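Examination of the molecular architecture
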Amino acid sequence: MLPLLSPAHLDRDFDYLVPTELDEIAQPGVRVRVRFAGRLVDGYLLERLPRSDHNGKMMPLERVVSAERVLTPDILRLATAVAARYAGTRADVLRLAIPARHARTETGGAKKSDVVKKSTRSAAGVVDLADYPTSSEDPALADAQGAGTVAVSAPEAVDGEHLSRSTDADSATGVDGSTGSGDKAAKVQVEQMPSAAAEACIEVDASAWGRYAHGMGFVGALAQGKGVRAAWQALPGEDWAARLAELAATVVAAGRSAVLMVPDQRDLDRLLAECVALVGDSAVGLSAGLGPAARYRRWLAVLRGQARIVVGTRAAVFAPAGDLGLIALWDDGDDTYAEPRSPYPHAREVAMLRAHETGAAFVAAGFARTAEIQAVVETGWAHDLLAERQVLREVTPRISAPGDSDYALERDALARSVRMPGVAFAAARSAIKENVAVLVQVPRRGYVPSLACAKCRTPARCRHCNGPLALPHAGHGEAASPQCKWCGITEAAFRCQACGARALRATVIGAARTAEELGRAFSGVPIRASGGGEVLDTVEPGAQVVVATVGAEPLVRGGYGVALLLDGWALLGRADLRASEDTLRRWMGAAALVRPRGQVIVMAEPSLATVQALVRWDPVNHAAAELQARAEVGFPPAVRLAAIDGTTASIAELLDATTLPDGTEILGPVPLPPTARKPFSGTDSPAEVERMLLRVARADGAPLARALTAAQAVRSSHRSDAPLRVQIDPVDIG
């Protein structure tokens, strides 16, 4: 069994005796309690053996917490692979993968004595996912057959204890010999289980995939149960939630399950609604906001086979879906996919690990593309799923940057220097006159989120904590005093620390101030704000101006007429490795909401490569150039990077115990980046936290992770209590 212990040197299997009274329910995968070093600890039973190699005295198993086999063989293998990839422990990974037990939810509200009796009788019927069939085929998309008409029977009705399923080959797939094409609708029929609340037979029209090269072949390969892998770049205005739901329904029709991941709750609700419309109760959503009982209930539905489609945030990558046929994630560049808890895995990397281990199909979808996905495409592990340029031109709005030609500069010499040039106002007025909505994207929320000295341009800082000063929104025409963004103290009598001047100027204008200014410019036009604590999901069509922060843009039926992307320098000028990649992703997400005949104006330097990629709608070449640039300077994903955060003494202690692979570059130490979370609690955080970087070639990534794992085991065996954090390929490098 595996006890859930934090020390790295205890990340190994331990043998315990199984008492006779627990012999029937002590099955692999159940939660157990064992005595370890004199105290009771939680753990998972991994395997039953007739004898042990241990010659000493063996402790008996204290008790079985539940007969539910929550740790499936697939999840155990995935947890082992993730721990090895990120230099962590299996216990930490399993804490992320398996939610805490909710006893009343698991037992359906029955009394404990009844549950124990029923569990004892049905222990042999608990689902074992080890013998589920998997596919490891990866054919070229161009040779795959298109999806025909598929009619399969879903799994039989299940109760709370076990799953009755058929393994007949006839029920696994029912693909006929027809070949789909771009101008023929691909039809998939799914017969629901009797207990589902959805329709008995649902028809899925996947003809929209015909707009993409090899799109119908990809759908056909999924219907045949093949483990195809693709990087899908959605067209502007594409209903991406409907397209992903169609892929998931196709996989369910083939008798398998699907896991779909999204960055946030708003996207989850949208995608889940599309999946429920196709397969009914066979689709469930998993997110942290559900609460312990609801989340565990849905997680159990996936484990028991009652749910075949899982839609969730980053934790859904560990969902115990049996016979996994598809794992897909939308917008993998979003930073919410990075897990903030040890061992700090990224959902994209875990998804690729799981697809590789199980042979499931994999889809990385989005309007933009990250360098990490471009890297796996260039290696041949995944394939492009793109639309032809002719199709792209038909649906892409007209995108431009002010002052992008000599003629434009002659008409407006200040087009590149002002925040909103005349061409932007003219486009907005024209859209409002046509009774369509205007979208204004602003990088920062608040009123005036950043201030500087009006004389010397030195950033304004708080006298008490040295935090940045901002100007809050007072309202009702009242004047507001600057306020510290860290400690909240109002700075009523500001004096510049550099030159002594008292005047302040705004360096960045927030969404609230932008909405106020636009309200004066477009008198009588409704101004709506979306961002911060008030994010709008949708707005009704009509003449209006929607001011939204990045990522909070609401949907409007029929699309926006004009989108104005303000303050491009604020996004591009960040001291971040992924600044240009993230900026293009944000811009494309907003531009995709504009109707094909609309207009997008980005306020940024026209000659920049990121701006040109947006104008041409060319995320693939931008990602390829980004990957090449990172390879030249030695940054992920071209190399494998390990960040060690801690005090000078703790970092030195770890490195002394580490046997690094040949060719390892040691960079630093340097101060911890301001955006990175400290590896300490608020009470024991030292004044100075440092970061050491270890860089190796990608081929040496696994040896580096093993070396760091061994060093952490040595350090924990010595009971070193100095806090330390090890991250592999962190999002914030510095």
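Structure: above.
Below or above, wherever it landed, is the structure these notes cover. (Residues numbered from 1 in each chain as written. Predicted model: local features only at pLDDT ≥ 70, side-chain atom pairs only at ≥ 80, totals over all residues. Heavy atoms only, no water.)

Observations regarding the overall build of the chain
Looking only at helices and strands, one finds 21 helices and 30 strands in the chain. Within the chain, the proportion of its 734 residues that are buried is 52%. Long-range pairs, those at least 24 residues apart, make up 74% of the contacts in the chain between residues at least 6 apart in sequence. Approximately 32,200 Å² of the chain is accessible, and the part contributed by carbon and sulfur atoms is 49%. (Helix = DSSP H or I, 4+ residues; strand = E, 2+ residues; numbered from the N terminus. Buried < 20%, exposed > 50% of the residue type's maximum accessible area, 1.4 Å probe, protein only. Contact = heavy atoms within 4.5 Å. Areas by Shrake-Rupley, 256 points an atom, 1.4 Å probe, with all protein chains shown as cover.)

Points about the side chain of Arg691
Examined against the element boundaries, Arg691 turns out to sit in strand 29 (residues 690–697). You can call Arg691 buried: its relative accessible area is 1%. A polar contact is formed between the side chain of Arg691 and the side chain of Asp645, at a distance of 2.7 Å. Polar contacts involving the side chain of Arg691 include one to the main-chain carbonyl oxygen of Ile733, which spans 3.2 Å. (Polar contact = N/O pair within 3.5 Å; in protein donor to acceptor, adjacent residues only side chain to side chain.)

Details of the side chain of His346
By secondary structure assignment, the location of His346 is in the loop between strand 12 (324–330) and helix 10 (347–358). Once you skip the residues sitting within four places of it in the chain, His346 turns out to touch Tyr86, Asp332, Asp334, Tyr337, Ala338 and Val731.

With respect to helix 10
Here helix 10 contains twelve residues, and its C-alpha end-to-end distance of 16 Å stays within 8% of the 16 Å for a straight helix at 1.5 Å per residue. Extensive coverage of helix 10 is indicated by the burial of nine of its twelve residues. Every buried residue of helix 10 is listed here: Ala347, Arg348, Glu349, Val350, Ala351, Met352, Arg354, Ala355 and Thr358. Along its buried surface, helix 10 packs onto helix 1 (73–85), strand 9 (257–261), strand 12, strand 13 (361–366) and helix 11 (371–378). Looking one or two residues past helix 10, Gly359 carries a phi angle of roughly 80°, positive in sign. (Expected span 1.5 Å × (residues − 1).)

Topic: the nonpolar core
It is characteristic of soluble globular proteins that their nonpolar side chains tend to be buried jointly. Judged by nonpolar contacts, the single largest core of 75 residues is most densely connected at Trp232 and Leu326. Sorting elements by how many residues they give to this core places helix 7 (residues 240–253) first, with nine residues. With 68 residues, the next largest nonpolar core counts Leu4, Leu94, Tyr337 and Ala382 among its residues. (Core = buried A, V, L, I, M, F, W, Y, C linked by side-chain atoms within 4.5 Å.)

So, the pattern of salt bridges
Pairing between side chains becomes possible if they bear opposite charge and their charged atoms approach one another. Applying the stated criterion to the full structure yields 41 salt bridges. Arg33 is paired through a salt bridge with Asp42; the nearest N and O atoms lie 2.9 Å apart. Residue class for Asp42 comes out partly exposed when judged on its relative accessible area of 39%. The salt bridge partner of Arg585 is Asp334, with a shortest N-O separation of 3.8 Å. Taken together, the positions of Arg585 in helix 17 (residues 579–591) and Asp334 in the loop between strand 12 and helix 10 put the pair 251 residues apart, joining distant regions of the chain. (Salt bridge = Lys/Arg side-chain N within 4 Å of Asp/Glu carboxyl O.)

Section: the packing of helix 1 against helix 10
Between two packed helices, what matters for the description is the angle formed by their axes and the separation of those axes. Closest axis-to-axis distance for the helix 1/helix 10 pair is 10 Å, and the angle between their directions is 130°. Taken together, helix 1 and helix 10 sit at an angle that is classed as oblique. When you trace helix 1 past helix 10, the crossing you get is right-handed. For the pair formed by helix 1 and helix 10, the contact residues are Ile75, Leu78, Ala81, Val82 and Arg85 on the first element and Glu349, Val350, Leu353, Arg354 and Glu357 on the second. (Axes fitted to C-alpha atoms, helices over the stretch in contact; angles between N-to-C directions. Parallel < 35°, antiparallel > 145°, perpendicular 65-115°, else oblique. Left-handed = near helix turned anticlockwise from the far one by under 90°.)

Here's the deal with the sheet that holds strand 4 (residues 63–66)
The antiparallel open sheet is built from four strands, whose spatial order is 1-3-2-4. Two strands bound the open sheet, and with one partner strand each, they are strand 1 (2–3) and strand 4. Sheet analysis places strand 2 (residues 31–36) next to strand 3 (residues 39–44), joined by six bridges and oriented antiparallel. When the sheet's bridge partners are listed, Arg31 is paired in strand 3 with Tyr44. (Pairing = 2+ DSSP bridges.)

Quick look at unusual backbone geometry
Here the amide bond leading from Ser342 into Pro343 is cis, since omega sits at 5°, within 30 degrees of zero. As for its placement among the helices and strands, Pro343 is situated in the loop between strand 12 and helix 10. The amide bond that connects Pro636 to the next residue, Pro637, takes the cis arrangement and shows omega of 5°. The topology assignment puts Pro637 in the loop between helix 19 (619–633) and strand 27 (639–646). Phi angles above zero are rare outside glycine, and Asn466 is one such case at about 65°. Within the secondary structure, Asn466 is located in the loop between strand 17 (450–453) and strand 18 (469–470). On the basis of relative accessibility, which here comes to 42%, the residue Asn466 falls in the partly exposed class.

Points about the sheet that holds strand 10 (residues 283–286)
Strand order in the open sheet formed by seven strands is 10-11-9-12-13-8-14, and the pairing between neighbours is parallel. Taken across any chain shown, the strands that pair with only one partner, and hence form the sheet edges, are strand 10 and strand 14 (383–385). Within this sheet the neighbouring strands show an average axis-to-axis angle of 20°, counted without direction. Pairing analysis gives three bridges linking strand 8 (residues 229–233) to strand 14, with the strands arranged parallel. Each bridged residue has a counterpart across the sheet, and for Trp232 the counterpart in strand 14 is Leu385. Sitting on the sheet, helix 9 (residues 292–303) touches strand 10 and strand 11 (309–312), and the angle it makes with strand 10 is about 135°.

Here we look at the packing of aromatic side chains
Inspection of every chain in the model, using the stated rule, returns ten aromatic pairs. Here the aromatic rings of Tyr212 and Trp232 are separated by 5.8 Å at their centres, their planes lie at 85°, and the arrangement is edge-to-face. In this pair, Tyr212 is assigned in the loop between strand 7 (201–205) and helix 6 (215–223) and Trp232 in strand 8, connecting sequence segments 20 residues apart. Their ring planes at 5° and their centres at 4.4 Å tell us that Trp240 and Trp330 sit as a pair that is stacked. Taken as a pair, Trp240 in helix 7 and Trp330 in strand 12 lie far apart in primary sequence, 90 residues in all. Like Trp330, Trp240 is buried. Taken together, Trp209, Tyr212, Trp232, Trp240, Trp330 and Phe367 form an aromatic cluster joined through their ring pairs. Over the ring of Tyr86 we find Arg85, and its NZ or CZ is 4.6 Å from the ring centre. Here Arg229 stacks its cationic end above the ring of Trp381, 4.3 Å away from the centre of that ring. (Phe/Tyr/Trp six-rings, centres within 6.5 Å; stacked < 30°, edge-to-face > 60°. Lys NZ or Arg CZ within 6 Å of the ring centre and 35° of its normal.)

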